Amino acid sequence: MSRKILLIINPISGTLSKEGLEERVRERLARAGLEVECAYTERAGHGRELAAEAAAKGYFAVIAAGGDGTVNEIGCALAGSKTALGILPFGSGNGLARHMYGTINLKRALDIIAKGFVTDCDYGTVNGKPFFCTFGLGFDAKVSSEFAHLSRRGLISYARSAVVEYAGYKPGEYVLLTDRKCFKTKAFILAVCNASQYGNNAYIAPDASVHDGLLDVTLIRSGNLFSRAFAAVELFTGRLNRNILIRTMKVSHLTIKHLPGPGHIDGDPCIMPETIEVKCHNGGIKMFTDPDKPSFKPFITPALSMKSDSDYLFAESLRKIGSTLPRIFNAKRKIAKND
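An account of the accompanying structure is given in this report.

Basis of the calculations
Residues numbered from 1 in each chain as written. Predicted model: local features only at pLDDT ≥ 70, side-chain atom pairs only at ≥ 80, totals over all residues. Heavy atoms only, no water. Phe/Tyr/Trp six-rings, centres within 6.5 Å; stacked < 30°, edge-to-face > 60°. Helix = DSSP H or I, 4+ residues; strand = E, 2+ residues; numbered from the N terminus. Buried < 20%, exposed > 50% of the residue type's maximum accessible area, 1.4 Å probe, protein only. Pairing = 2+ DSSP bridges. Polar contact = N/O pair within 3.5 Å; in protein donor to acceptor, adjacent residues only side chain to side chain. Salt bridge = Lys/Arg side-chain N within 4 Å of Asp/Glu carboxyl O. Core = buried A, V, L, I, M, F, W, Y, C linked by side-chain atoms within 4.5 Å. Contact = heavy atoms within 4.5 Å.

Description of the packing of aromatic side chains
- On inspection of all chains with the given rule, the structure shows five aromatic pairs.
- Look at F60 and F288: their rings are 5.8 Å apart centre to centre, the planes differ by 85 degrees, and that puts the pair in the edge-to-face class. Of this pair, F60 sits in the loop between helix 2 (46-56) and strand 3 (61-66) while F288 sits in strand 15 (residues 275-288), and the two are 228 residues apart along the sequence. When sorted by exposure, F60 lands in the same class as F288, which is buried.
- With centroids separated by 6.2 Å and ring planes inclined at 45 degrees, the aromatic side chains of F131 and F135 adopt a geometry described as tilted.

Written as structure tokens, this is what we have:
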């Protein structure tokens, strides 16, 4: 079996610095006997091209260093191949990485990849286009569309977009057809989930699994401003599926009919047609998985994840300061010498 890995870095994703990332990845994976090559994306779609080439050459894995959009590009190329997908969480939300690894900690992600535990995982398609984390219609799609036009990324920018859109947003009407039922509903959000969260510890489908051959559908009914606000709180406690506004179901196939309008696929905005066909592809992509990740528990899992995020981001800030100070001192010495 090939021991080659292609690391694909999206240089403009997320807010964390990628300085020194290539060296950190090479050093850790070399100890596991893995040979790492590196490439940087230069345009939209470039990650897919690079990953497809690696899969055609029989590489053991391709690692996506970026957000869910980068992961989607690379996953599209790897689906159905023998090449595994690894994720280094360098996006704004990192929904799929959080679901698979339970953390955004780079060291932990590299340890999981180094152990080489790969499983066959599900993914979904929307009118034939793959998604690996979530597909959505409604309010979250509208926010994703606005967020995509912002120059600054991250949770604060996303939250600001959500607040601006919240009061004036009108729920949409949808007709849903499954193998067992057909019904019409009005919803604030219609989310179809392969993984449990959007990202940033927002658990839109706490019970979702990438190994069950099913997609989790979460409908947030229209309600009112206050009941929806309470549902938003429960989104971050892992209890959203217990809220009175929520209707959930698991499906292998779903047809959605609605007025054409905004949607999102793994966070990337798009315009969806009147009829949407959603399918689950059971075990269709190989991915690195953490076999020791604890089972999800409301309140506890989100709280531990938020603490882990804070510890990691603080450590990364210190590491960045530590790497910057020597350069500043050297620059001052050169200036002093010249004077």
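Examining the pairing of strand 5 (residues 118-126)
- Most of strand 5 is tucked away: seven of the nine residues are buried.
- Where strand 5 meets strand 15, eight bridges bridge the pair, whose relative direction is antiparallel. Note on strand 15: the bridge partner recorded for V118 is F288.
- Pairing analysis gives three bridges linking strand 5 to strand 6 (residues 129-131), with the strands arranged antiparallel. Residue pairing across strands places G124 opposite F131, the latter belonging to strand 6.
- Taken together, strand 5 and the strand that follows it, strand 6, pair antiparallel across an intervening segment of two residues, in which N127 is found at a positive phi of about 50 degrees.

Some thoughts on helix 5 (residues 106-115)
- Within helix 5, seven of the ten residues are buried, which leaves the element mostly enclosed by the surrounding structure.
- A distance of 2.9 Å separates the backbone nitrogen of K107 from a side-chain oxygen at the start of helix 5, and that oxygen is part of N105.
- At the C-terminal side of helix 5, G116 shows a positive phi close to 70 degrees.

Comments concerning the pattern of salt bridges
- One pass over the structure, following the stated rule, counts 15 salt bridges.
- In this structure, D216 engages K250 in a salt bridge whose closest nitrogen and oxygen atoms are separated by 2.8 Å. In this pair, D216 is assigned in strand 10 (residues 215-221) and K250 in strand 11 (residues 246-251), connecting sequence segments 34 residues apart.
- In the salt-bridge network here, residues are joined through shared partners; they are R24, E316 and R319.

Looking at the nonpolar core
- Formed by 53 residues in total, the largest nonpolar core has its most connected members in L29, L85, L88 and L96.
- Every residue in contact with L85, bar those within four places of it in the chain, is listed here: V62, A64, V71, I74, G75, L78, I285, K286, M287 and F288.
- Counting residues in each nonpolar core, the second largest holds 22 residues, with F131, L190, L219 and V251 among its members.

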